[in-house]
Amino acid sequence: MAFPPGFLDELRARLSLSDVVGRKVSLKRRSGSEHAGLCPFHNEKTPSFTVNDKKGFFHCFGCGVNGDAVGFVMKTEGLSFPESVEKLAREVGLPVPRATPAERERADRAATLQQVAEEAACWFQKQLRLPVGRQGLDYLRGRGLEEATIDDFRLGFAPDTRDGLLAALKREGVPIDKIVEAGLAIQPEDNREAYDRFRGRVMFPISDRRGRVIAFGGRVMGAGEPKYLNSPETPLFHKGANLYCLDRARVAATKDQPVIVAEGYMDVIALHGAGFVGAVAPLGTALTEGQLGELWKLADEPYLCFDGDNAGRRAAARAAERALPLLRAGKSLRFLVLPAGEDPDSLIRVRGADAMRRILDLARPLSDVVWDMETEGKVADTPERRASLQRAVEQRVAEIADPVVRDYYRADMRRRLDLLRRPDRPAWRPGERRFFRSPGPEPAPFAAGSAARRAGTDLDASRQERALLGALIERPALLHILAEDLAALTITNAELGRLRSGLLDALSLAPSGVDPAADEALAEGGAASPSVEAQLIEQHLERSGLQRVAASAQAKAREVFRNDPADADGWVGQWRRAARHLSQLTADPEELKRAEQALAEDSNDENLRRLEEILDRMRRQSIESGTG
Ligand SMILES: [Zn+2]
């Protein structure tokens, strides 16, 4: 919307910037029209945020942020420019001019409908506290909601009567057609009397981005259908462009809180209660393009949270499909998969906010979900099947409209497809490993108390190989994370080489949906609980006649690996350090001796190059591991 010339000047003239800023920041007057306070946009202990009333500008000498009153509202409340202007204009009692009569009429109509929705919200809230709302209140309390939360989210109750709300609003003088237009009552076509849309339901008011009630979601009491009923599309309410609690998430996002999309209203409320104030939910439909657009305005990589069951998996796939054509550089999604049978509400109630935080840390990138969509449940054991899989993956990636993002996806998927091939030898050269760098000095990768250490000898290569493989069998969730590293390991022992191939094969057969319960156990440094994955791997190893070597590897892993890695990157870091340690052992001295001997016997260029390569690799490895 364009504002007529002079309007913004008039607005700025009526505003006191220090008043606007003063609602969020405690300001002290410095001189005349200048105030100072602690900057709301960066962390500081001494005030470098200044507000100049005369100029109408704020400026921070710490982080450089600056702007006027409209800019301040945009930045701190996550509103758009016209929204911020309207908000400020309302505060100073300045009528917002509408460009055309049609626009003016639309605005007036929306304002009327919004008032109707607001009155309905108040009435529903009141019913919840009356005897008629007892059932609703019991339900909310039974779900563990505190009184303050019930009030904060303005939860209410629609009694199971034909025209409770209608009658109440009519008494207030609201015309029936407005009540129908606001989506609160249904007018039968045959001109019988209108009746309440929401009956016998706990009511969740849905707000616009400025926090004004525009619609409702109602949860049925008992076993009725549908379980959740939402307001229909109205001049105020467009499901596809709004989200439950979007208004709150906008504010949260300005404070760098993670934006989390949950499935249900109760999930959102539980997440807010646990401190995740950027939580939102779609309004009874799968995520729409419009909603993705809103989410990407708030965060580059919003988190989508799905239940750990099949329905949740399908919902994740739908969201991924919807997002692919819309991806742009820097804009993506991250996926949280909850343990089977859990939603955020139950997870937080039973296991607390920390469990949710851990699951956030384990979020999977969109590329993982896309890969799963095309490969899950498929067997890639013949060239033809691998080719078919590759074609499916490539077709999916082709849906990405942005050419740069699409190229990176192609490369990522090609790498994953390469991993499906049985890796008899390392797929890339040691110097090219991307995951092997860790800053700072290297802690000893193995448990200080292990028998070999006590005896004063180092573990030989094959023992380490055995332990590394065993650790992955013990903790199948690690296998997904470390598959590339596993494929790149140099393994000298033939039997263990077969075990490595068996594990990678099992991985290509297993659904790669990470079991969050297992991941959680991992994050805590403990062993994973048995998962579907673990069972699949076990079966596969058994079928391949590898169970004996697998058992010995597991025993070695238990002996060698610390069970409580103190470092932040935990198990994965410990495993990678051990793998790096092993690569140093395997580079010398046998290989070196052989190369030297070959060169002595036949001093051709090929043998010289080979020896130089080994020496070069050893040098690089010693630099990489911080010992050189
Ligand atoms: Zn600042």
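In this text the structure is predicted, and so the values were computed from the model without any measurement. (Residues numbered from 1 in each chain as written. Predicted model: local features only at pLDDT ≥ 70, side-chain atom pairs only at ≥ 80, totals over all residues. Heavy atoms only, no water.)

Taken together, Cys39 (SG), His42 (ND1), Cys60 (SG) and Cys63 (SG) make up the full set of protein donors to the zinc ion, lying 2.1 to 2.3 Å away. Classification of the site at the zinc ion as tetrahedral follows from its four donor atoms and the range of 102 to 118 degrees in their angles at the metal. Ordering the donors of the zinc ion by residue number gives the pattern C-x2-H-x17-C-x2-C. Classification of Cys60 as buried rests on a relative accessible area of 1%. (Donors = N, O, S within 2.8 Å, 3.2 Å for Na, K, Ca; no water. Tetrahedral: all angles 85-135°; square planar, octahedral: opposite > 155°, others 65-115°. Buried < 20%, exposed > 50% of the residue type's maximum accessible area, 1.4 Å probe, protein only.)

A separate point is the layout of surface pockets. The calculated volume of the second largest pocket comes to roughly 1100 Å³. Contributing to the lining of the second largest pocket are 32 residues, with Glu86, Ala110, Asp208, Arg210 and Arg212 lying nearest its centre. Contributions of two or more residues to the lining of the second largest pocket are made by helix H4 (81–91) and helix H5 (101–128). Ranked by the residues each element gives to the lining of the second largest pocket, the list is headed by H5, at nine residues. Per-class residue counts for the lining of the second largest pocket are 15 nonpolar, five polar and 12 charged. (1 Å grid on protein atoms, 1.4 Å probe; cavity = no way out; pocket = protein on both sides within 12 Å on 5 of 7 lines; lining within 4 Å. Points joined across faces, edges and corners; volume = space filled by probe spheres on them. Helix = DSSP H or I, 4+ residues; strand = E, 2+ residues; numbered from the N terminus. Nonpolar A, V, L, I, M, F, W, Y, C, P; charged D, E, K, R; others polar.)

Moving on, we get to the nonpolar core. Grouped together as the largest cluster of nonpolar side chains are 64 residues, with contacts concentrated most on Phe124, Leu140, Leu155, Leu184, Phe216, Tyr244 and Leu336. By residue number, the principal contributor to this core is H5, which donates eight residues. Leaving out residues up to four positions away in the same chain, Tyr244 has contacts with Phe153, Leu155, Phe204, Pro205, Ile206, Tyr265, Val268, Ile269, Ala279, Val280, Ala281 and Leu283. Core analysis: the next-biggest nonpolar cluster, separate from the first, contains 38 residues, Phe306, Ala315, Val370 and Tyr409 among them. (Core = buried A, V, L, I, M, F, W, Y, C linked by side-chain atoms within 4.5 Å. Contact = heavy atoms within 4.5 Å.)

Relative to the helices and strands, Thr112 resides in helix H5. Overall, Thr112 belongs to the partly exposed group, its relative accessible area being 32%. In sequence terms Thr112 and Lys178 are 66 residues apart; their C-alpha atoms lie 8.0 Å from each other.

This brings us to the confidence of the model for the chain. Overall, the predicted model of the chain reaches an average pLDDT of 81, with 83% of residues at or above 70. Mean pLDDT values over the elements of the chain span from 30, in helix H19 (residues 451–454), up to 98, in strand S6 (residues 156–158). (pLDDT = per-residue confidence, 0-100.)

As a further point, take the pairing of strand S14 (residues 303–306). Here S14 shows a buried face lined by Tyr303 and Cys305 and a second buried face lined by Leu304 and Phe306. In this structure, strand S12 (residues 260–261) lies alongside S14, joined through two bridges in parallel fashion. If you follow Val261 over to S14, its bridge partner there is Leu304. As paired elements, S14 and strand S15 (residues 334–337) share four bridges and run parallel to each other. Each residue of the ladder has a partner; that of Tyr303, found in S15, is Arg334. (Pairing = 2+ DSSP bridges.)

This paragraph deals with unusual backbone geometry. With an omega of -10 degrees, the peptide bond between Glu225 and Pro226 qualifies as cis. Positive phi, close to 70 degrees, is recorded for Asn191, a residue that is not glycine. In this structure, Asn191 sits in the loop between strand S7 (185–186) and strand S8 (195–196). Judged by its relative accessible area of 67%, Asn191 is exposed. With a phi close to 60 degrees, Asp256 is a non-glycine residue in the positive phi region.

In this section: the side chain of Lys239. Positionally, Lys239 belongs in the loop between strand S11 (228–230) and helix H10 (246–254). Apart from residues lying up to four places away in sequence, Lys239 is in contact with Asn230, Ser231, Pro232, Glu233, Leu283 and Gln291.

A word on helix H16 (residues 366–375). Where burial is concerned, most of H16 is hidden: nine out of the 10 residues are buried. Inspection of H16 places Leu366, Ser367, Asp368, Val369, Val370, Trp371, Asp372, Glu374 and Thr375 among the buried residues, and these make up the whole buried set. Buried residues belonging to H16 abut helix H13 (310–323), S15, strand S16 (364–365), helix H17 (383–397) and helix H18 (403–420). Gly377 sits one or two positions beyond H16 and adopts a positive phi of about 75 degrees.

Before going further, it helps to examine the environment of Arg248. Examined against the element boundaries, Arg248 turns out to sit in helix H10. A C-alpha to C-alpha distance of 8.4 Å links Arg248 and Val280, two positions 32 residues apart in sequence. Setting aside chain neighbours within four positions, we find Arg248 in contact with Asp152, Phe153, His272 and Val277.

Further remarks concern the sheet that holds S12. Whether parallel or antiparallel, the strands of a sheet pair through hydrogen bonds between backbone atoms. What the five strands build is an open sheet, ordered S13-S12-S14-S15-S16; its pairing is mixed. Lying at the two open borders of the sheet, with one neighbouring strand each, are strand S13 (279–280) and S16. Strand direction decides the pairing type here: S12 and S13, joined by two bridges, are parallel. Each residue of the ladder has a partner; that of Ile260, found in S13, is Ala279. Strand contacts of helix H15 (residues 353–361): S12, S14 and S15, with the helix running at about 135 degrees to S15, the strand carrying the most contacts. (Axes fitted to C-alpha atoms, helices over the stretch in contact; angles between N-to-C directions.)

Relative to each other, helix H3 (residues 69–77) and H4 sit at 110 degrees, their axes nearing to 9 Å. Judged on the interaxial angle alone, H4 and H3 are roughly perpendicular. The way H3 lies across H4 gives a crossing that is right-handed. Counted together, Ala69, Val70, Val73, Met74 and Glu77 of H3 and Phe81, Ser84, Val85, Lys87 and Leu88 of H4 form the full contact between these two elements. Tallied by class, the residues present in the contact of H3 with H4 amount to seven nonpolar, one polar and two charged. (Parallel < 35°, antiparallel > 145°, perpendicular 65-115°, else oblique. Left-handed = near helix turned anticlockwise from the far one by under 90°.)

So, about the packing of aromatic side chains. Taken as a whole and judged by the stated rule, the model has 15 aromatic pairs. Here Phe49 and Phe72 contribute two aromatic rings whose centre-to-centre distance is 6.5 Å and whose plane-to-plane angle is 45 degrees, an arrangement assigned as tilted. On the criterion of sequence distance, the pair formed by Phe49 in strand S3 (residues 49–52) and Phe72 in helix H3 is long-range, its members being 23 residues apart. Each member of the pair Phe49 and Phe72 is classed as buried. Given the relative accessible area of 1%, Phe72 is considered buried. Within the aromatic cluster, the residues linked to one another by ring pairs are Phe41, Phe49, Phe58 and Phe72. The residue whose ring lies beneath Arg248 is Phe153, and the NZ or CZ to ring-centre distance is 4.1 Å. (Phe/Tyr/Trp six-rings, centres within 6.5 Å; stacked < 30°, edge-to-face > 60°. Lys NZ or Arg CZ within 6 Å of the ring centre and 35° of its normal.)

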